[in-house]
Every structure is written in structure tokens, then in C-alpha cells.
Amino acid sequence: MGEMIRMVVVLTVLSVVSGGGLSWVKNFAGPKIENQEMNLVKGPAIREILKDSEKDPVENRFKIQDGDTERNIFVGVFNGKADTVVLESSANGYAGKVGMAVAIDMDSDTIYGISVTTHQETPGFGAKAKEDPTFGAQFAGKSISTDFQVSQDGGNISALSGATITSRAVCASVNSATAAYKELKPQLAEHIKGMGN
Amino acid sequence: MAKSLVAEFTKGLWKDIPPFRLVLGLCPVLGVTTSMKNGIGMGLATTFVLLCSNMLVSLLRKLIPGKVRIAAFIVIIATFVIVVEQMMQAYAYTLFMDLGVFIPLIVVNCIVLGRAEAFAFKNRILPSAADGLGIGVGFTLSLASLGAIRELLGTGSLKGDVFGFLPYDFANIFGTGFQPFDFAVQAPGAFVILGLMLCAMNLIPSK
């Protein structure tokens, strides 16, 4: 019995100390990792979607409170007017989170462009969501009033062949971005006013 | 404690050098050594985990009950692996993207667990640290040389840096007419080159 208790106590103490230490590491490294992702993964993807913007969307970003979380918003400027916002979102794919950047044109409430930023999908299949530009191009110009779905589910997005789960995740991710956008639109409009000049 | 600390350290460099002498932990060896840069990065990450886990296991060896030692080792090793993973993401993000899943997989690397079980759990802290460091440096050298051979044969050049420092760039070592040997950077090439290196090492007589 004594040995039993000792085993439980030792393992519990080890795990608690380890968890505590790691949460400190996470706090320390978290902001640095975010910067790195911003520069190396998300930044290039967002600049690619908004390549015609007159100002750099990554420098022109701000944070906004959405419920309990903070969202990064990237702003695109066209013809001297800030009218496009990029929201980040993610949904569960085949092998983990599929992270996306979704650009929305605020004047017409349509998708300006989308891009997959972070993912762990299968190379050659799901990974095409990031690599094959024709898949993401299907979203551009479409209205956000209805949710996006792949054609198998009755929507109008053709899924990547062999990667229906990933394609669904991309749709779900875009939908979550548009849902957040609809909720935050008044604040966003207030925020980006005058950012064009 | 007949053997000195130096002996514990140097055995990892030749006599027990992983993965050649202890043919263990081949998964990252085959997976990441497509270039010297990745080999060095993976080797150094593993060295850090080995050194820290060996020291901590040795320090706690009287407290950890024998029946749950493996579980305790895994907790200790996993903790250090997450530290490495976070730090690599924070300071060497591109390297982290190249190594990808192999960093978390250090948790189940049998070299790390093997040293904890076979050495650190039975020895005092300084010899354990020397052992971990020696095996780690040996592992790094192996991965770096395997990576260098594969990168040279596969691309004809050696190019990269060590965690953003010490950049090196040797372009077209075999001259510009060199036809890249793609096989070397693919997985089967890793097996063949690893085998040839092991063979060459066995030809050198050991005392």
C-alpha cells in the first residue's frame, strides 16, 4: 500500500511541476512564436491575397476584442480607401487545425480572397488546399450571406479530389471567419475609418 | 565509478556512437538528414533533451519508484522536448518547419529513453551528464555527417546555418557539370548511405 501511494505521489508531483514549468515556457515563448508566424507564415500569405493593396496589410494591422479572445485584423487599402479586412480563422481538418486568412470586401460583403496559412494535411492531397490556387480562387467574389459548403454537401465549392475532409475544413474555417466578421462589422467599420489616407 | 567523466563523454563519440554503434533511433536519422543543416539542428535538439533528462533522472533516481520509472522518464523527457519545441519555434522557426513532426517525436526516441534507463537511473549526476552530452554530441556528429553526404550527393552543394549562426555555403563542390544524385536525398538513399557508413566504421579496427 505504501509503495502504491508513493508511486502516485511521485508521478503526480512530477506532472504538476512539469505542467507548471511548461506554462511558464509557453508564456515566455508565445509572443515570440506569434511574431515568427506572422513574419514567415501568415505575413506572406496575407500579403499575397492583398497584393494590390496600397499599404502593407501586415503593418496595417490591429487587434479587436471578440468575446473573450483578441483577433488580429489586417487591413487592405484600395484607391485610397480602407475597405478590405483579413480575419484569421481555423477549423479541424484531416490531421489537425487548418488555419486560414480570409479577406472580406466590406463594401459588397463578398470574399476578396482566401489563403491557407498553417496546416498538417497530407502532402499531395489535403495540402493542395494551400498549394493549388484554383481551389481557393473558387471563394473569391462570392457573397458571404450564405455559408460555404462543398458540392457533396449541397454547396457550390468543388472539393479537392481525395481531400473532402480538408475541403470541408476550409469551408468551415471561412464560415467561422465570416460569422465573426458579421458580428464585428460595426466595430471594424469604425476602426478602419480613415486608415486609407 | 572507475571510469572518469572524460571516458563517459568520449565513449559517445566513437565506441558507442549513435546511431552507428547502437543502431537505435533510426526514425529521425532517416527522416531529417536530407541536409546537413537539418541534421545539426535535430542533433542539437536531441543533445539538449538527453543532457537535461539524464541529469534530472539521475537526480531523482532515489525518489522514483522502480515500477513507474518508465512513466516518470517519459514525463521528464516530454517536458524537455516541449521546451525545445517552443524555443525552436520562437528562435528558429524555419528550422522548426523543416524538422516538423520529428521534434515532438524525440519523446519516444529510444536513445534518450535508453540512456535514462541504462545509465542515468544507475549513476550519479556528473557521470550521467557526461554520458548524455557525449551521446548527444555523437548523435549530432552522425546526423551532420550523414546529412552532409546526402546533401552533397543529392544537390552538389552544402548550404545552411546552425540555428541562424555560422552560415556556410559551399556551392558546386564537384564542379558545375555535376549531375545531382537524387537517390541520396530520398529515404532509400538514407538506408544505403547509413549502411555504407556503418560498414566503413567497422573496417576501422577498434581496440
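Residues numbered from 1 in each chain as written. Chains lettered and ligands numbered in written order. Predicted model: local features only at pLDDT ≥ 70, side-chain atom pairs only at ≥ 80, totals over all residues.

A. Region of the structure containing the overall build of chain A. If you tally the helices and strands in chain A, you get four helices and five strands. For chain A, the succession of helices and strands along the chain, N to C, is α-β-β-β-β-β-α-α-α. Across its three principal axes, chain A shows a C-alpha extent of roughly 75 × 40 × 30 Å. Taking all 197 residues of chain A together, the buried fraction comes to 35%. When contacts within chain A are restricted to residue pairs at least 6 apart in sequence, those whose partners lie at least 24 apart make up 52%. (Helix = DSSP H or I, 4+ residues; strand = E, 2+ residues; numbered from the N terminus. Buried ≥ 20, exposed ≤ 12 C-beta atoms within 10 Å, placed from the backbone. Contact = placed C-beta atoms within 7 Å.)

B. View of unusual backbone geometry. Backbone geometry places D109 of chain A, a non-glycine residue, at a positive phi of 50°. On the basis of neighbour counts, which here come to 14 C-beta atoms within 10 Å, the residue D109 of chain A falls in the partly exposed class.

C. Representation of helix α8 (residues 187–203) of chain B within the structure. All names here are of chain B. For α8, spanning 17 residues, the distance from its first C-alpha to its last is 25 Å, which sits close to the expected 24 Å at 1.5 Å a residue. When α8 is considered as a whole, its buried residues turn out to be G189, A190, I193 and L194. Burial along α8 is one-sided: seen end-on, the buried residues are contained in an arc of 130°. With respect to the buried face of α8, the exposed residues turned more than 90 degrees away are P188, V192, G195, L196, C199, N202 and L203. Buried-residue contacts for α8 involve α2 (26–32) and α7 (125–155). (Expected span 1.5 Å × (residues − 1). Arc of directions from axis to C-beta.)

D. Up close: the packing of helix α3 (residues 36–59) of chain B against helix α6 (residues 110–120) of chain B. All names here are of chain B. At their nearest, the axes of α3 and α6 sit 9 Å apart, and the two run at 30° to each other. Classified by the angle their axes make, α3 and α6 are roughly parallel. Handedness of the α3/α6 crossing: right-handed. Residues T46, V49, L50, S53, N54, V57 and S58 of α3 touch α6, and the partners they reach there are V112, R115, A116 and A120. The class makeup of the residues in the contact of α3 with α6 is six nonpolar, four polar and one charged. (Axes fitted to C-alpha atoms, helices over the stretch in contact; angles between N-to-C directions. Parallel < 35°, antiparallel > 145°, perpendicular 65-115°, else oblique. Left-handed = near helix turned anticlockwise from the far one by under 90°. Nonpolar A, V, L, I, M, F, W, Y, C, P; charged D, E, K, R; others polar.)

E. Main features of the nonpolar core. One finds A45, V49, F80 and V84 of chain B to be the most contacted residues of the largest nonpolar core, which totals 48 residues. Broken down by secondary-structure element, the contributors of at least two residues to this core are α2, α3, α4 (69–91), α5 (93–99), α6, α7 and α8 of chain B. Ignoring anything within four residues of it in the chain, the contact list for A45 of chain B reads V84, M88, I103 and I106 of chain B. By size, the runner-up hydrophobic cluster in this structure holds 42 residues, among which are V85, V98, V102 and V116 of chain A. (Core = buried A, V, L, I, M, F, W, Y, C linked by C-beta atoms within 7 Å.)

F. Summary view of the environment of M1 of chain A. All names here are of chain A. Its location among the elements puts M1 in the segment before α1 (2–49). The exposure class assigned to M1 is exposed, which follows from the 5 C-beta atoms found within 10 Å. Distance in space between the C-alpha atoms of M1 and P57 is 63 Å, their sequence separation being 56 residues.

G. Region of the structure containing the sheet that holds strand β5 (residues 110–116) of chain A. Residues and elements named next belong to chain A. The strand order β1-β2-β3-β4-β5 describes an open sheet built from five strands, whose pairing is antiparallel. With one partner strand each, in any of the chains shown, β1 (61–66) and β5 form the two edges of the open sheet. Sheet twist, expressed as the average angle between the axes of neighbouring strands with direction ignored, equals 30°. Of the strand pairs in this sheet, strand β3 (residues 81–92) and strand β4 (residues 97–105) are connected by nine bridges, and their pairing is antiparallel. Looking across to β4, one finds that V85 is bridged to I104. The strands touched by α1 within the sheet are β2 (69–78), β3, β4 and β5, with β4 carrying the most contacts at an inclination of about 30°. (Pairing = 2+ DSSP bridges.)

H. How the structure looks around the interface of chain B and chain A. Taken together, the contact pairs 17 residues of chain B with 17 residues of chain A. Looking at the side of chain B that touches chain A, the elements with two or more residues in it are α4 and α5 of chain B. The biggest single contributor to the side of chain B that touches chain A is α4 of chain B, with 10 residues. When the residues that make up the side of chain B that touches chain A are grouped by side-chain class, the tally is 12 nonpolar, four polar and one charged.

I. View of the pairing of β1 of chain A. All names here are of chain A. Alignment of β1 against β2, held across six bridges, turns out to be antiparallel. In the strand pairing of β2, R61 is matched with F74. Following β1, the chain reverses through two residues before pairing antiparallel with β2; G67 in that reversal takes a positive phi of roughly 65°.

J. Fine view of helix α4 (residues 164–192) of chain A. With 29 residues, α4 of chain A ought to run about 42 Å at 1.5 Å a step, yet its terminal C-alpha atoms sit only 36 Å apart, falling short of that. Where α4 of chain A bends most, the angle comes to about 65°, and this point is L184 of chain A, followed within four residues by the proline P186 of chain A. (Bend = angle between axes of the 7 residues up to and from the residue.)

Note that all results are geometric; they support no functional claim without further evidence.
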